[in-house]
Every structure is written in C-alpha cells, then in structure tokens.
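What follows is each chain in one-letter form.
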Amino acid sequence: MRALWIVITTFGCVLIAANAESCKGCVPLDSFSFDKVIPKFKAVVVKFDVAFPYGDKHDEFRKIAADTKDSQDLLVAEVGVKDFGNKDNSDLAQKYDINKDDYPAIRLFVQGRSEPYKFVAEKDEDFTADNIKRFIRSHSGVYLGLPGCVEQLDRLAKEYQSANESERKKILERAKIFEDTLSEEQRTAAKVYVKLMERIMERGDVFVQTEQTRLEGLLKGKLSNDKKRVMEERRNILQSFTSRDEL
Ligand SMILES: *[C@@H]1O[C@H](CO)[C@@H](O)[C@H](O)[C@H]1NC(C)=O
C-alpha cells in the first residue's frame, strides 16, 4: 500500500510528500509543452492521470519508463490533470476525450499521425508494463525488448516477413548461425524464432495468425506461472513476425 501524506505546516503551506511515486524517466507535459514535445519523437506514450498518481497502475507505468530508458525513439510522458481548482491540463484531457473515470488513461502518439492510439485494458490486471510495451511496439514499430525477445533476431524476423521465398531461406540460415553465438538463455529464444521461420515456410504466412490465436487461447486457460511465462514469451516473439502496417 502506498501512502500519501499531506502535512500542513505551521505556516499553512501544504506539503505533499509522496512515497516512491515519482516516475523516473517520465517527462511531465502540460497544456503549453504538449504540442511542442509530442511531434519530436517517433513515439510518445502518455499517461493521463490525477496530479499525484500512485498505486499499481502507476507502478506499471514506471516500469515502462525504466525498461525503455535506452530507447531514443520512445518518450514516456505523463500529464497530471486537475479536475478542481485551476483545472490544470483538463483542456488536454478534454481534447483527447478522456474522463475522470478513465484515469489512468494511456495514449500513444506516433509521428505523422494526428490521432493517438488508445490502450485498452479489459481488466485491471491487464494493465501491465508488458502489455503496454506490446501495444507501443505493435503500433509504432519502435524496438522495445519485450520479454523473451532478442533484438537482432527481431530484426531478422521483420526482414523475413517482407522477403520472398529464396531470401527467406537465407534469413533462416542467418538465424541459425546467429543462434550458435548466443548464451544458453538466448539460445532457447533463438530456437523459437528458427522454428517459427520454418513453420511459416511450410504453411505460409497464415501460420502467424493461427499460432497467435492458439497462444491467446492457451493463455486464457489455467497455466502454471512458468508455463505462462514461456507462452507469453513465445507470443512476444511471434509478434516480431507481424507487420505493424497490418495493425
Ligand atoms: C527475391 O528478391 C531478391 C531481392 O529483391 C531478388 O534478387 C530475387 O530475384 C527475388 N527472387 C524471386 C524468386 O522472386
């Protein structure tokens, strides 16, 4: 449980002390700075929230900022909205059609596109850093290492997807060679990439969709935590084979 203390000093000032709430790596944006900053980045993920956010969802968002600190193409930002007093930033919330009940609301702004993408969590437990990262990646094409993914293999997967048959064979060979250079843990991931490439070669591009449906189905069922993690990682890898243009 996170606490929010409001201390009224003898001078009548109100100090709000927040416990581990600051979002390291998040850039606070407001009505004046928003339109200056947003177009400068390939992708900006924004959390619209109350002015002093805390709690599980805020913590998930903080994870995204930490996990993506090395990504030059993605900016993680937050807009604190006050629905009272001076109504700070409520104009921004209104502009993007965000109500008080929607907080925290996630929007993804992609360069060259005027309307943001909206992240939808069906259940509270779907509001996770991993799901939001997956959402960012699928709509923006910005590389964010999702759990289980290997950057170089993700690049090969993208190449594979747009290649013709003879090129695909070469890419598959490159993936296999690359696999041998990896650490034990990454090699397990590499095997998944290689296997997927082989399956797609056998069954055609439709396999990606079929496999996605199958994994989503399995993930809805009862699974041990270990098994669940494996399936989720597999789904993440599979996503590297889907084009963002299709989404
Ligand atoms: C596949 O693409 C490569 C590179 O664009 C090209 O050189 C080759 O002729 C193509 N092969 C076929 C079978 O279309």
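Residues numbered from 1 in each chain as written. Predicted model: local features only at pLDDT ≥ 70, side-chain atom pairs only at ≥ 80, totals over all residues. Heavy atoms only, no water.

> I keep staring at the overall build of the protein and nothing clicks. Help me out?
Tallying secondary structure elements over the protein gives nine helices and seven strands in all. The burial tally for the protein puts 40% of its 247 residues in the buried class. Restricting the contact set of the protein to residue pairs at least 6 apart, pairs at least 24 apart contribute 62%. Of the roughly 14700 Å² of accessible surface on the protein, 50% is carried by carbon and sulfur atoms. (Helix = DSSP H or I, 4+ residues; strand = E, 2+ residues; numbered from the N terminus. Buried < 20%, exposed > 50% of the residue type's maximum accessible area, 1.4 Å probe, protein only. Contact = heavy atoms within 4.5 Å. Areas by Shrake-Rupley, 256 points an atom, 1.4 Å probe, with all protein chains shown as cover.)

> Help me understand the packing of helix H7 (residues 184–203) against helix H9 (residues 225–239), please; the structure alone is not making it clear to me.
Two numbers describe a pair of packed helices, the interaxial angle and the distance between the axes. As a packed pair, H7 and H9 sit with axes 10 Å apart at the nearest point and diverge in direction by 50 degrees. Taken together, H7 and H9 sit at an angle that is classed as oblique. Here H7 runs over H9; the crossing is right-handed. Here Ala189, Val192, Tyr193 and Leu196 of H7 lie close against H9, whose contacting residues are Arg234, Ile237 and Leu238. Across the contact of H7 with H9, the residue classes break down as six nonpolar, no polar and one charged. (Axes fitted to C-alpha atoms, helices over the stretch in contact; angles between N-to-C directions. Parallel < 35°, antiparallel > 145°, perpendicular 65-115°, else oblique. Left-handed = near helix turned anticlockwise from the far one by under 90°. Nonpolar A, V, L, I, M, F, W, Y, C, P; charged D, E, K, R; others polar.)

> In this structure, what is going on with the site of the ligand? I would like to understand it.
By nearness alone, every residue bordering the ligand is listed as Asn164, Ser166 and Glu167. Within the side chain of asparagine 164, an N or O atom sits 2.3 Å from an oxygen atom of the ligand. (Near = heavy atom within 4 Å. Polar contact = N/O pair within 3.5 Å; in protein donor to acceptor, adjacent residues only side chain to side chain.)

> Please clarify how the pattern of salt bridges should be interpreted in this entry.
Oppositely charged side chains can form a pair if their charged atoms are brought close together. Overall, the coordinates contain 19 salt bridges when judged by the stated rule. The residue aspartate 35 makes a salt bridge to lysine 95 at a minimum N-O spacing of 3.9 Å. Of this pair, aspartate 35 sits in helix H1 (residues 34–37) while lysine 95 sits in helix H3 (residues 90–95), placing them 60 residues apart in sequence. The exposure class of aspartate 35 is partly exposed, given its relative accessible area of 48%. We classify lysine 95 as exposed; its relative accessible area is 51%. Here arginine 62 makes a salt bridge to aspartate 59, at a shortest N to O gap of 2.9 Å. Of this pair, arginine 62 and aspartate 59 both sit in helix H2 (residues 56–67), three residues apart, which is roughly one turn of the helix. When its relative accessible area of 19% is taken as the criterion, aspartate 59 is described as buried. (Salt bridge = Lys/Arg side-chain N within 4 Å of Asp/Glu carboxyl O.)

> Looking at this structure, how should I read H7?
Every α-helical turn comprises 3.6 residues, leaving residues that sit three or four positions apart pointing alike. The end-to-end C-alpha distance of H7, which contains 20 residues, comes to 29 Å, matching closely the 28 Å that a straight helix rising 1.5 Å per residue would cover. Regarding H7, the residues found buried are Ala189, Ala190, Val192, Tyr193, Val194, Leu196, Met197 and Ile200. Looking at the buried side of H7, the elements it contacts are helix H5 (151–162), helix H6 (165–180), helix H8 (206–220) and H9. Where H7 ends, the next residue or the one after it, glycine 204, has phi of about 90 degrees, a positive value. (Expected span 1.5 Å × (residues − 1).)

> Please clarify how the packing of H5 against H6 should be interpreted in this entry.
Orientation of H5 relative to H6, taken along the N-to-C sense of each, is 170 degrees, at an axis distance of 9 Å. Taken together, the axis directions place H5 and H6 in an arrangement best described as roughly antiparallel. Taken together, the residues of H6 that come into contact with H5 (itself represented by Gln152, Leu153, Leu156, Glu159, Tyr160 and Gln161) are Arg168, Ile171, Arg174, Ala175 and Phe178. In terms of residue class, the contact of H5 with H6 is built from six nonpolar, two polar and three charged.

> Help me understand the sheet that holds strand E3 (residues 27–28) in this model?
The strands making up a sheet are joined through hydrogen bonds of the backbone, oriented either antiparallel or parallel. Pairing is mixed across the open sheet formed by five strands, whose spatial order is E3-E5-E4-E6-E7. Pairing within the sheet leaves two strands with one partner each, and these edge strands are E3 and strand E7 (117–118). Note that E3 and strand E5 (residues 74–81) share two bridges and pair parallel. Note that in E5 the partner of proline 28 across the bridge is glutamate 78. Relative to E5, H2 is tilted by about 150 degrees, and along the sheet it contacts strand E4 (43–50), E5 and strand E6 (105–110). (Pairing = 2+ DSSP bridges.)

> Is there a simple way to think about unusual backbone geometry in this case?
Working note: non-glycine residues mostly have negative phi, and peptide bonds are mostly trans. At the junction of tyrosine 103 and proline 104, the peptide bond is cis and its omega measures out at -10 degrees in the coordinates. Mapped onto the secondary structure, proline 104 falls in the loop between H3 and E6. At lysine 87, a residue that is not glycine, the phi angle is positive and equals roughly 55 degrees. Turning to its location among the elements, lysine 87 is positioned in the loop between E5 and H3. Phi angles above zero are rare outside glycine, and asparagine 89 is one such case at about 65 degrees. Inspection of the secondary structure puts asparagine 89 in the loop between E5 and H3. Overall, the relative accessible area of 10% leaves asparagine 89 in the buried class.

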